[in-house]
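So you can see what is in the structure, the chains are spelled out below.
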Amino acid sequence: MAAGFRPRRIAIGPGCDHERVAYFDAASTEPLHPAAREALIIALDAGGADPARLYGAARRARLLLEGARAEAAEAIGARPDEVSFTSSGTQAVHLGVLGTLLGRRRAGRRLVTSAVEHSSVLQAAAAHEREGGTAEVVGVGLTGRVDAGEFGAAVAREGTALACLQTANHEVGTLQPVAEAAKACQAAGVPLLVDAAQTLGRLPLPSGWSVLAASAHKWGGPAGVGLLAVRKGTRWRSPLPEDERERRRVPGFENVPAAVAAVAALRARLTEAEEENARLSALVDRIREAVPRLVPDVEVVGDATERAPHIVTFSCLYVAGEAILTELDRVGFAVSSGSSCTASTLRPSHVLEAMGVLTHGNVRVSLPRGASGADVDRFLAVLPEIVRRIRESVGVKSQ
Amino acid sequence: MMAGRQKPAADEAPQPQAALTIDALGRKCPIPIIMLAEQINYVPLNATVAVLADDPAAFTDVPAWCRLKSHHHVGTYELPRGGWAIHVRRNY
């Protein structure tokens, strides 16, 4: 198959061979937005000085940083002094989770999360447990959605210091009932940390968060910038050694040029969001409809309608995820998988496990801004034969 | 162990009799599932196949296969030396 194959699309992915690869792994990292690239180059010159100092270049760096902060705050509906730039989305989550637990230590030591949170949340929960705290994990249904009532009941139990819920799942795209969870949290007097990594810059933020974490490279900003917002009135204390940067919330010298570029990308994405969401969501619908029709014994997982616009995940029976990824890579598609054979831990994705769906033969397609319908069609054209051949190689006949 | 990695517990009850036992210990997914799909046709209707597997993926994937293929996942029983006996009843 695909001998002499030359895809036409010139694209797209970070570190990809730009001549031949259709990059469908936006949920891992979104390619740098042109607005971010432009802002980064300017800010590298203009924003390199130490924003904490008092000379002219330092003042310029500080102005750039505070301007970026004000814009980020506006984008998430917060006050500038509630917003900090971190060195990653993971650091934003770690500081958000552990700092709020520390600040609310007198209220209790119970943490509530869903079973399908990003590993940064679950690892922060594990760190909290090692320090003597407890973590309750609320399960999800077959679509990966947490039950708002069950989540609310867990939050209401005695001694809950913090609850965490993602806006959308990073592996299957399913949206979580954040607004309802926020109401339950408010009624119980418990702060809610919302992990918006997969949706900020794409979808409006649900209301009612107390702590917000996000990651710039997921919306087309540069790597190395996360966003942490802590609402006024939410008790928070740094779990790390004291440092004066970022209003004592985040240690270390600020990366001003990257923060400026991150916010430039966010602004651009928000302007484009409605149109691009509709386009990508239609492509995802096309994949959701076509894959089970073209490939026998496939399960498309995640919620069909209550989902992020750009993510679709499916599992092919009798096929190793690694084999599909390798074959798709050979014909010019960059996708990812939650199958155990593709994980460094050799364990299947905790998300697929918690949902109770097939973990082998898993493929996640996540479309970046500008993903083309022609590339999606080409993907749908090559997939059935790839799956058929892999099955044949292990002695399984497709119908 | 990472929070959220907790799985539904395997059944405590002793493992019931099965008409056929498939030894997939040491085999990685999807091999245990391929063996099950092939060999379930060797037992009569309503008989039970026990899949012995120790790949963590099999714990989730055998019940998921049953759901997709409309067979019945009877139960999952821990084996004394690690892994599980996952029982499946042939429905058609």
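Here is a short report on the structure shown in this document. It should be emphasised that the depicted structure is a prediction, and the values quoted were computed from it without experimental measurement.

## A short note on the overall build of chain B
Okay, so step 1: Secondary structure assignment for chain B yields 2 helices and 4 strands.
Okay, so step 2: Each helix and strand of chain B, ordered N terminal to C terminal, gives the series β-α-β-α-β-β.
Okay, so step 3: Across the 92 residues that make up chain B, the buried fraction comes to 53%.
Okay, so step 4: Taking as baseline every contact in chain B between residues at least 6 positions apart, the subset at least 24 positions apart corresponds to 66%.
Okay, so step 5: Of the roughly 4600 Å² of accessible surface on chain B, 51% is carried by carbon and sulfur atoms.

## Let's talk about the sheet that holds strand E10 (residues 311-316) of chain A
Two pairing modes exist for strands in a sheet, parallel and antiparallel, and in both the strands are linked by backbone hydrogen bonds.
Residues and elements named next belong to chain A.
Okay, so step 1: An order of E9-E10-E12 is seen for the 3 strands of this open sheet, with the pairing classed as antiparallel. With one partner strand each, in any of the chains shown, strand E9 (298-301) and strand E12 (362-366) form the two edges of the open sheet. Put simply, the sheet's adjacent strands are angled 20° from each other on average, direction ignored.

## Points about the interface of chain B and chain A
Okay, so step 1: Across the contact, 20 residues belong to chain B and 30 residues belong to chain A.
Okay, so step 2: A combined buried area of about 2200 Å² lies between chain B and chain A, and 61% of that area is made up of carbon and sulfur atoms.
Okay, so step 3: Along the contact surface separating chain B from chain A lie 2 salt bridges.
Okay, so step 4: Put simply, chain B and chain A have 6 residue pairs in polar contact (both at pLDDT 80 or more) between them.
Okay, so step 5: With 9 residues, the top contributor of residues to the side of chain B that touches chain A is helix H2 (residues 56-69) of chain B.
Okay, so step 6: Tallied by class, residues from the side of chain B that touches chain A come to 12 nonpolar, 3 polar and 5 charged.

## A short note on the nonpolar core
Residues and elements named next belong to chain A.
Okay, so step 1: Judged by nonpolar contacts, the single largest core of 54 residues is most densely connected at Ile76, Phe85, Phe151, Leu192, Trp219 and Leu227.
Okay, so step 2: Inspection of this core shows a minimum of three residues originating in each of domain 1 (22-32 + 273-393) and domain 2 (34-267).
Okay, so step 3: With 32 residues, the next largest nonpolar core counts Val284, Ala290, Val331 and Val365 among its residues.

## Concerning the sheet that holds strand E5 (residues 160-166) of chain A
All names here are of chain A.
Okay, so step 1: Reading across the sheet, the 7 strands line up as E2-E8-E7-E6-E5-E3-E4 and stay open at both edges, with mixed pairing between neighbours. Each end of this open sheet is capped by a strand with a single partner; those strands are strand E2 (83-86) and strand E4 (134-138). Taking each pair of neighbouring strands and ignoring which way they run, the sheet shows an average axis angle of 20°.
Okay, so step 2: Taken together, the 4 bridges between strand E3 (residues 110-114) and E5 define a ladder with parallel strand orientation. Within the sheet, the bridge partner assigned to Val112 lies in E5 and is Ala163.
Okay, so step 3: The sheet strands contacting helix H2 (residues 56-76) are E2, strand E7 (211-215) and strand E8 (226-230), and the helix crosses E2 at an angle near 115°.

## Considering helix H8 (residues 256-294) of chain A
All names here are of chain A.
Okay, so step 1: Helix length check: H8 (39 residues) gives 49 Å between terminal C-alpha atoms against 57 Å at 1.5 Å per residue, more than 12% under.
Okay, so step 2: Most pronounced at Ala273, the bend in H8 amounts to some 65°.
Okay, so step 3: Of the residues flanking the start of H8, the one acting as N-cap is Asn255, its side-chain oxygen 3.3 Å from the backbone nitrogen of Ala258.

## Quick notes on the pattern of salt bridges
All names here are of chain A.
Okay, so step 1: Applying the stated criterion across every chain yields a total of 30 salt bridges over all chains.
Okay, so step 2: Residue Asp81 is joined to Arg79 by a salt bridge in which the shortest nitrogen-to-oxygen separation is 3.0 Å.
Okay, so step 3: Since its relative accessible area comes to 24%, Asp81 is described here as partly exposed.
Okay, so step 4: One salt bridge in this structure joins Arg231 and Glu82, with 3.4 Å as the shortest N-O distance. With Arg231 in the loop between E8 and helix H7 (245-248) and Glu82 in the loop between H2 and E2, the pair connects residues that are 149 residues apart, well separated along the chain.
Okay, so step 5: Owing to a relative accessible area of 25%, Arg231 belongs among the partly exposed residues under this scheme.
Okay, so step 6: Each of Glu327, Arg330, Glu385, Arg388, Arg389 and Glu392 takes part in a single network of salt bridges with overlapping partners.

How each quantity is defined
Residues numbered from 1 in each chain as written. Chains lettered and ligands numbered in written order. Predicted model: local features only at pLDDT ≥ 70, side-chain atom pairs only at ≥ 80, totals over all residues. Heavy atoms only, no water. Helix = DSSP H or I, 4+ residues; strand = E, 2+ residues; numbered from the N terminus. Buried < 20%, exposed > 50% of the residue type's maximum accessible area, 1.4 Å probe, protein only. Contact = heavy atoms within 4.5 Å. Areas by Shrake-Rupley, 256 points an atom, 1.4 Å probe, with all protein chains shown as cover. Pairing = 2+ DSSP bridges. Axes fitted to C-alpha atoms, helices over the stretch in contact; angles between N-to-C directions. Buried area = accessible area lost by both parts, 1.4 Å probe. Salt bridge = Lys/Arg side-chain N within 4 Å of Asp/Glu carboxyl O. Polar contact = N/O pair within 3.5 Å; in protein donor to acceptor, adjacent residues only side chain to side chain. Nonpolar A, V, L, I, M, F, W, Y, C, P; charged D, E, K, R; others polar. Core = buried A, V, L, I, M, F, W, Y, C linked by side-chain atoms within 4.5 Å. Domains from an automatic or database assignment. Expected span 1.5 Å × (residues − 1). Bend = angle between axes of the 7 residues up to and from the residue.

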